[in-house]
Amino acid sequence: LEQVAAASNYAVLHALLGTDPDRSWAGYVMGTLLALIIEANLSVTRGLTMVVSSRVPEGKGVSSSAALEVASMQALVRAFDLNIDPAAIATWCQRVENLVVGAPCGIMDQMTSALGRSGQLLQLLCQPATVLKPAVVPPEIAFWGIDSGLRHAVSGSDYTSVRVGAFMGYRIVAELAGFRVRFDDGRGVVQVDDPRYGGYLANLSPSEFAQHYATHLPRQILGKDFLTAYSGTTDSVTKVEPDRTYAVLEPTQHPIGEHFRVRVFAELLPHAGSERARELLGELMYQSHASYSACGLGSDGTDLLVELVRRAGPRAGLYGAKITGGGSGGTVAVLGAAGAGGAVARIAEQYAEQTGRHAAIFSGSSEGAAAFGATALVTE
């Protein structure tokens, strides 16, 4: 509490905690308290003890850090009798992740932890965070997660470099499109007046990108060469390292293709009673996995799990699979018929036999923190 009270902003608390990964959990919890002090103008006049218990697998690409942040802030909101919109809680938790812990993640994990509903998929337009009508999972299908046994890290250099590469790509697209660019104060951040795409790569269609921009983007570029030509990106969370080489084309293509795939997936999902619809849904997942791997965020374990699902195929009631989270390990999401649990278990067994790694399976969904609420335990 003294450290949080001494921190006037997120950067100060980040500096106090340092970069030791063993302290990241303290950063999540202490950061949520600081967020309430800053964002909700909370006045803290007493200490408190918080006990955190979680069954979410850590470092497996299934949002364990977001779950901790949202649960901690939900508990603090209850303890201090605050009335905070759940979407605001998610937004503030993302700031904790970005500015205190130092992980350049998006907001999907926090919004799902706060607003998820049992038996539904959260539809979220990350521009920056608009919650759409939830997508109900039809009874004919189900989703499973298979843990590859390889720890992933959203704060790792691979994820960060891919994010930087995507923002580099957008900056080049803005230049090619003739948008007006305003240069910042030397921090490597620029502002783009973008009337066509609103500042988001996802608003380009795959065909438009392929026809007008793709051939003009480099596969790779050295950071200092990019900065010389374009001064910076629009991302305030990451920075371009002059001596680092970044992939640009594939990281730029990924959000463009992924947005299109997600929209088609949502349109097909209500028709999942059809065998053909299930096959198409699965193909969209396979495409997503291939795109993520092309960005350099795959791993031998997750690639093997996806391939085992593909080989088993519809005859086993399995239709698609893809890596989740920040990549470079973690969990593979599997789409199958509702009764395909046995086939998923066999995939996990085959994986364990080939790699020697235990492949834990989890399934189902629950209410998010907003619906789950919080309970105060008062002791004398």
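Source: prediction; values computed, not measured.

Colleague: Explanation requested: the pattern of salt bridges in the structure shown.
Modeller: Should the charged atoms of two oppositely charged side chains come close, the side chains can pair. This model, assessed by the stated rule, comprises 13 salt bridges. The salt bridge partner of Arg-163 is Asp-235, with a shortest N-O separation of 2.9 Å. Highlighted residues: Arg-163 in helix α7 (residues 157–177) and Asp-235 in the loop between α9 (223–230) and β9 (245–247), separated in sequence by 72 residues. As a salt-bridge pair, Asp-193 and Arg-182 come within 2.9 Å of each other at their nearest N and O atoms. Of this pair, Asp-193 sits in strand β7 (residues 190–193) while Arg-182 sits in strand β6 (residues 180–183), placing them 11 residues apart in sequence.

Colleague: What am I meant to see in the nonpolar core here?
Modeller: A general feature of soluble globular proteins is that nonpolar side chains tend to end up buried together. Membership of the largest hydrophobic core comes to 28 residues, with the highest contact counts inside it found for Leu-13, Leu-36, Met-73 and Ile-89. Counting residues per element, the ones that place at least two in this core are α2 (10–17), α3 (24–39), α4 (64–79), α5 (86–101) and α6 (108–115). Looking at this core, the element that brings in the most residues is α5, giving six residues. Filtering out sequence-adjacent residues up to four positions away, Met-73 remains in contact with Thr-32, Ala-35, Leu-36, Ile-89, Trp-92 and Cys-93. Membership of the second largest hydrophobic core comes to 27 residues, among which are Ile-172, Tyr-213, Phe-226 and Ile-256.

Colleague: What is the right way to look at the packing of aromatic side chains in this model?
Modeller: Each pair of aromatic rings is reported with the distance of its centres and the angle of its planes. Taken as a whole, this structure holds three aromatic pairs when the rule is applied. Seen in terms of ring centroids, Tyr-197 and Tyr-213 are 6.4 Å apart; in terms of plane orientation they differ by 80°. Their pairing is edge-to-face. Linking Tyr-197 in the loop between β7 and α8 (206–212) with Tyr-213 in the loop between α8 and β8 (220–222), this pair joins segments that are 16 residues apart in sequence. Following the ring pairs from residue to residue traces out a cluster consisting of Phe-179, Tyr-197 and Tyr-213. Taking NZ or CZ as reference, Arg-310 lies 4.0 Å from the ring centre of Tyr-286, over its face.

Colleague: Where do I start with the sheet that holds strand β12 (residues 361–363) in this structure?
Modeller: Remark on secondary structure: sheet strands pair via backbone hydrogen bonds, oriented parallel or antiparallel. Strand order in the open sheet formed by four strands is β10-β11-β5-β12, and the pairing between neighbours is antiparallel. Pairing within the sheet leaves two strands with one partner each, and these edge strands are β10 (318–323) and β12. Neighbouring strand axes in the sheet, compared pairwise and without regard to direction, differ in orientation by 25° on average. Lying on the sheet, helix α12 (residues 300–312) is in contact with β5 (141–147), β10 and β11 (331–337); it crosses β10 at an angle near 170°. Sitting on the sheet, helix α13 (residues 341–355) is in contact with β5, β10, β11 and β12, with an inclination near 15° to β5.

How each quantity is defined
- Residues numbered from 1 in each chain as written.
- Predicted model: local features only at pLDDT ≥ 70, side-chain atom pairs only at ≥ 80, totals over all residues.
- Heavy atoms only, no water.
- Salt bridge = Lys/Arg side-chain N within 4 Å of Asp/Glu carboxyl O.
- Helix = DSSP H or I, 4+ residues; strand = E, 2+ residues; numbered from the N terminus.
- Core = buried A, V, L, I, M, F, W, Y, C linked by side-chain atoms within 4.5 Å.
- Buried < 20%, exposed > 50% of the residue type's maximum accessible area, 1.4 Å probe, protein only.
- Contact = heavy atoms within 4.5 Å.
- Phe/Tyr/Trp six-rings, centres within 6.5 Å; stacked < 30°, edge-to-face > 60°.
- Lys NZ or Arg CZ within 6 Å of the ring centre and 35° of its normal.
- Pairing = 2+ DSSP bridges.
- Axes fitted to C-alpha atoms, helices over the stretch in contact; angles between N-to-C directions.

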